[in-house]
Amino acid sequence: MMIKVPLEKFLNAKEKYENFIKLRGREPAYVSVLGRVAWTPNFKASVRNHEKFKELKDREPKCVNVACDDGPLKVAVYGGNFVGPNCLKQTVSFLDSMVRTKYVVITRITKPALKGKDVLILPGGDSGRLYIHNAPIDSVAIDEFMRGGGGVVATCAGAYACSYEVVGRYKGWGFAPSIRAYPSCYEGKVTIEPLSEWSDTLMAEGPLEMQHHGGPAFEKGVAKYTKGPNELKGRYAIAFDYYGKGRIVLIGPYPEFTRECRELFLPSIVRWAGKRII
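Computed from a predicted structure; not experimentally measured. (Residues numbered from 1 in each chain as written. Predicted model: local features only at pLDDT ≥ 70, side-chain atom pairs only at ≥ 80, totals over all residues. Heavy atoms only, no water.)

One pass over the full model with this rule turns up 15 salt bridges. Residue Glu60 pairs with Lys54 through a salt bridge whose shortest N-O separation is 4.0 Å. Exposure remark for Glu60: the relative accessible area of 34% places this residue in the partly exposed category. Residue Lys111 pairs with Glu144 through a salt bridge whose shortest N-O separation is 3.2 Å. Taken together, the residues span a long stretch of sequence, with Lys111 in helix α4 (residues 111–114) and Glu144 in helix α6 (residues 139–147) at a distance of 33 residues. Residue Glu144 is classed as partly exposed on the basis of its relative accessible area of 42%. (Salt bridge = Lys/Arg side-chain N within 4 Å of Asp/Glu carboxyl O. Buried < 20%, exposed > 50% of the residue type's maximum accessible area, 1.4 Å probe, protein only. Helix = DSSP H or I, 4+ residues; strand = E, 2+ residues; numbered from the N terminus.)

Before going further, it helps to spend a moment on empty space enclosed by the protein. Inspection of the entire model under this criterion finds one cavity of 30 Å³ or more. Quantified by volume, the largest cavity comes out at close to 70 Å³. Lining the largest cavity, in full, are Thr91, Phe94, Ile121, Pro123, Val153, Thr155, Ile251, Glu256, Leu266 and Val270. At the level of secondary structure, the elements contributing two or more residues to the lining of the largest cavity comprise α3 (85–96), β8 (151–155) and α9 (259–273). When its residues are assigned to classes, the lining of the largest cavity shows seven nonpolar, two polar and one charged. (1 Å grid on protein atoms, 1.4 Å probe; cavity = no way out; pocket = protein on both sides within 12 Å on 5 of 7 lines; lining within 4 Å. Points joined across faces, edges and corners; volume = space filled by probe spheres on them. Nonpolar A, V, L, I, M, F, W, Y, C, P; charged D, E, K, R; others polar.)

Everything listed here is a matter of coordinates, which is why it stays silent on function.
Have a look at this one:
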């Protein structure tokens, strides 16, 4: 929801945002504007727009447009067949700490289960192929959910399944129609780094270390593998795409296992998928 914020109120919010950074040494998850929540990536976009207006017009605007949240993010987490128990546990754990988020764990993906939800999360599991041929998952329900504007966040096995294809192996569901996944068997630590143009959206600057357990690499995306085996280096660890009116995020490694990623990085990914971040 875009709201017009009087200049004085906007500058007060900006001052509080800057003071938070000075005090804590990091950005806040959100900024309070006129009693509403503006997620930090959206607020920073408004700050940039404010600066551009001053440069072009050589004066201050009367108001500044700020994208604010219009209610809790409603999330469904698949926790049925072939999902890794620890993957599910860590996913639920980081959702517990996300403000303005309501989630439910489902063991079957059906149209009724997705009704009224903003985002579906597909955690890591046994394999993408098993996800695709998993009876409790109705891929038609996911298709309709995304065509109607729903978002998907898919990690490891979920990412393989949602890609257009797993190169040299099998076709995916195609919910990320422009993303091909390259298979990897690597188990261990990797380092990824967001592209500069996506660092604000992801609320991450510089490298992030995380676990990798056989997840994919992508030929394009928003964050690259920078340390790891040769089969991953130079390819992308996280990819954003669109399907129908919906958004999808494919994730190769396991950021939910890393405390640093659970605080701002992962919540920003889920909010982007749910269109809370513009």
